[in-house]
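Summary of the model geometry
Each chain, written out:
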Amino acid sequence: MSMKVTNYGATMMSFKVPDKNGNIDDIILGFDSVDGYKNDTTYFGAIVGRVANRIGKAQFKLDGKLYKLPPNDGKNMLHGGAKGFSEVIWKVQEYEPDSHITFTYESFDGEEGFPGKLSVSVTYMLVGTNKLKVKMTATPHDKATPVNLALHTYWNLGGHKSGDILSHILKIYGREITPVNNELIPTGKIVPVKGTPYDFLEPHKISCRINELPGGYDINYVLEGCPAEYKKAAEVHENVKGRTLELWTNQPGLQFYTSNMFDGVKGKDGSVYPRHAALCLETQGFPDSVNHPKFPSQIVRPGETYEQIMVFRFTASE
């Protein structure tokens, strides 16, 4: 197991693990060089924030004050704005070969419209022979601010250039979703998945009901044990190479996305990524929580620390 990262966006560039025959493949999508990430609109492998996912109408009210943010997704904000955390240079705080690397970033007061200075860190840890642990923290200095970080890795367990992920078998430990409108902004409702195309309570191929959805999957699941309990979020298996990915988190939500907008994206090793070339499993707070009081709060105040933990376990078998 090995990974390559860059301090541009604290981004995962590659992640290599063996298959059932011991052959090594890179199982995340990406680019050959940092230049590719600078011109990227897919957020390949990046840490996104200060607030991941969407903020409706690019505004929110906090402690009686209305904050208007620069929109970058129609009239809404997506993944922290036009220059969110995925587009900045992080500092390498600590590095231990074969073990871990920690990136830090100092987000200034008013960056992309958000209030207060915020110290952010992300640590990637290779644990044992088959686990990746990702720990993200954020500490506000002087003002309350929303924080919702996410790791936007695109996984294809057959290898990054092996085609689409429609035959991957998926289980999601979420009985409910937060439905969205035609701009992908949550309606505020929380509805059960049972009997719908979003039902992955029992493992099955992603292809089974994807054609019933406009474009594919791009939805937030309410994870069991919400909001703070550390729990299993998802399992994915790919039959040809035999790889399985299991994911645990302490976050209340999981965004499941199936690369719906891809149309011949030119990636690393000369590959061209087709539609549905990968899946994203982004553990997170609920989208647009700043505008939905019934959703788990993303507001972090001075003296408090935001902490997100993800643990991926990779195995391979017949």
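Residues numbered from 1 in each chain as written. Predicted model: local features only at pLDDT ≥ 70, side-chain atom pairs only at ≥ 80, totals over all residues. Heavy atoms only, no water.

Comments concerning the overall build of the chain
When helices and strands are counted, the chain shows one helix and 28 strands. The dimensions of the chain, computed from C-alpha atoms along their principal axes, are 60 × 45 × 35 Å. Evaluated residue by residue, the chain yields a buried proportion of 57% over its 318 residues. The contacts of the chain with a sequence gap of at least 6 include a subset with a gap of at least 24, amounting to 67%. Taking the average location of the 35 positive side-chain charges in the chain and that of its 36 negative ones, the two points are 3 Å from each other. (Helix = DSSP H or I, 4+ residues; strand = E, 2+ residues; numbered from the N terminus. Buried < 20%, exposed > 50% of the residue type's maximum accessible area, 1.4 Å probe, protein only. Contact = heavy atoms within 4.5 Å. Lys, Arg positive; Asp, Glu negative; His and termini not counted. Charge placed at Lys NZ, Arg CZ, Asp CG, Glu CD.)

Examining the packing of aromatic side chains
Enumeration according to the criterion identifies 23 aromatic pairs in this entry. Taking the centre distance of 5.1 Å and the plane angle of 55 degrees together, the rings of Phe 31 and Phe 44 count as tilted. Of this pair, Phe 31 sits in the loop between strand E3 (24-26) and helix H1 (34-38) while Phe 44 sits in the loop between H1 and strand E4 (46-48), placing them 13 residues apart in sequence. Given the relative accessible area of 12%, Phe 31 is considered buried. For Phe 44, a relative accessible area of 1% corresponds to the buried category. (Phe/Tyr/Trp six-rings, centres within 6.5 Å; stacked < 30°, edge-to-face > 60°.)

Thoughts on the pairing of strand E21 (residues 231-237)
Of all the seven residues making up E21, six are buried; the element is thus mostly covered by neighbouring parts of the structure. Of the pairings in the sheet, the one linking strand E16 (residues 169-172) to E21 comprises four bridges and is antiparallel in character. Bridge pairing links Leu 170 to Val 236 in E21. Alignment of E21 against strand E22 (residues 243-249), held across six bridges, turns out to be antiparallel. (Pairing = 2+ DSSP bridges.)

Quick look at the pattern of salt bridges
Going through the model one piece at a time under the given rule, you end up with twelve salt bridges. The partner of Glu 224 in a salt bridge is Arg 175, with the nearest N and O atoms 3.4 Å apart. Residue Glu 224 is located in the loop between strand E20 (218-223) and E21, and its partner Arg 175 is located in strand E17 (residues 174-177); the two are separated by 49 residues in the primary sequence. By relative accessible area, Glu 224 is classed as partly exposed at 32%. (Salt bridge = Lys/Arg side-chain N within 4 Å of Asp/Glu carboxyl O.)

Examining the sheet that holds E20
Within a sheet, adjacent strands bond to each other through the backbone by hydrogen bonds, running parallel or antiparallel. The strand order E15-E26-E23-E20-E17-E18 describes an open sheet built from six strands, whose pairing is antiparallel. Looking at the sheet topology across the chains shown, the edges are occupied by strand E15 (154-155) and strand E18 (191-192). Here E20 pairs with strand E23 (residues 253-257) via five bridges, running antiparallel. Residue pairing in the sheet places Asp 218 in a bridge with Tyr 257 of E23.

Details of the UniProt feature "active site" (unreviewed entry) in the chain
In this numbering, the UniProt entry assigns the feature "active site" (unreviewed entry) to His 152 and Glu 282. Their sequence span is 131 residues, while the largest C-alpha to C-alpha distance among them is just 6.1 Å; these annotated residues converge on one region. One can find His 152 in strand E14 (residues 150-152). Beyond its immediate chain neighbours, meaning those up to four positions away, His 152 contacts Thr 42, Tyr 43, Phe 44, Gly 45, Ala 46, Val 48, His 79, Cys 280 and Glu 282. Positionally, Glu 282 belongs in strand E26 (residues 279-284). (UniProt positions renumbered as here; feature names shortened; annotations may be inferred.)

Looking at the sheet that holds E3
Spatially, three strands are ordered E1-E2-E3 in an open sheet, and the strand pairing comes out antiparallel. The open sheet is flanked by strand E1 (2-6) and E3, the only strands paired with a single partner. Direction aside, the axes of adjacent strands within the sheet are offset by 15 degrees on average. Alignment of strand E2 (residues 11-18) against E3, held across three bridges, turns out to be antiparallel. Across the sheet, the residue bridging to Lys 16 is Asp 26, located in E3. (Axes fitted to C-alpha atoms, helices over the stretch in contact; angles between N-to-C directions.)

Side note on the UniProt feature "binding site: beta-D-galactose" (unreviewed entry) in the chain
Those places that UniProt annotates as "binding site: beta-D-galactose" (unreviewed entry) correspond, in this numbering, to Asn 53, Arg 54, His 152, Thr 153, Tyr 154 and Asp 218. Of note, Arg 54 is situated in strand E5 (residues 54-55). Setting aside anything within four residues of it in sequence, one finds Arg 54 in contact with Asp 73, Met 77, Leu 78, Glu 183, Leu 184, Ile 185, Asp 218, Pro 287 and Asp 288. Assignment of secondary structure puts Tyr 154 in strand E15.

Here's the deal with the environment of Lys 294
On the secondary structure map, Lys 294 appears in the loop between E26 and strand E27 (299-300). Look at Lys 294 and you get exposed, because its relative accessible area is 80%. In this structure, the C-alpha to C-alpha distance between Lys 294 and Gly 159, residues 135 residues apart in sequence, is 40 Å.

What to know about the nonpolar core
Core analysis: the largest hydrophobic core is formed by 56 residues, its most contacted members being Trp 90, Trp 155, Phe 256 and Phe 312. Not counting residues within four places of it along the chain, the set of residues in contact with Phe 312 comprises Asn 130, Lys 131, Leu 132, Val 134, Leu 151, Trp 155, Leu 245, Glu 246 and Leu 247. Core analysis: the second largest hydrophobic core is formed by 14 residues, Tyr 37, Phe 262, Tyr 273 and Ala 278 among them. (Core = buried A, V, L, I, M, F, W, Y, C linked by side-chain atoms within 4.5 Å.)

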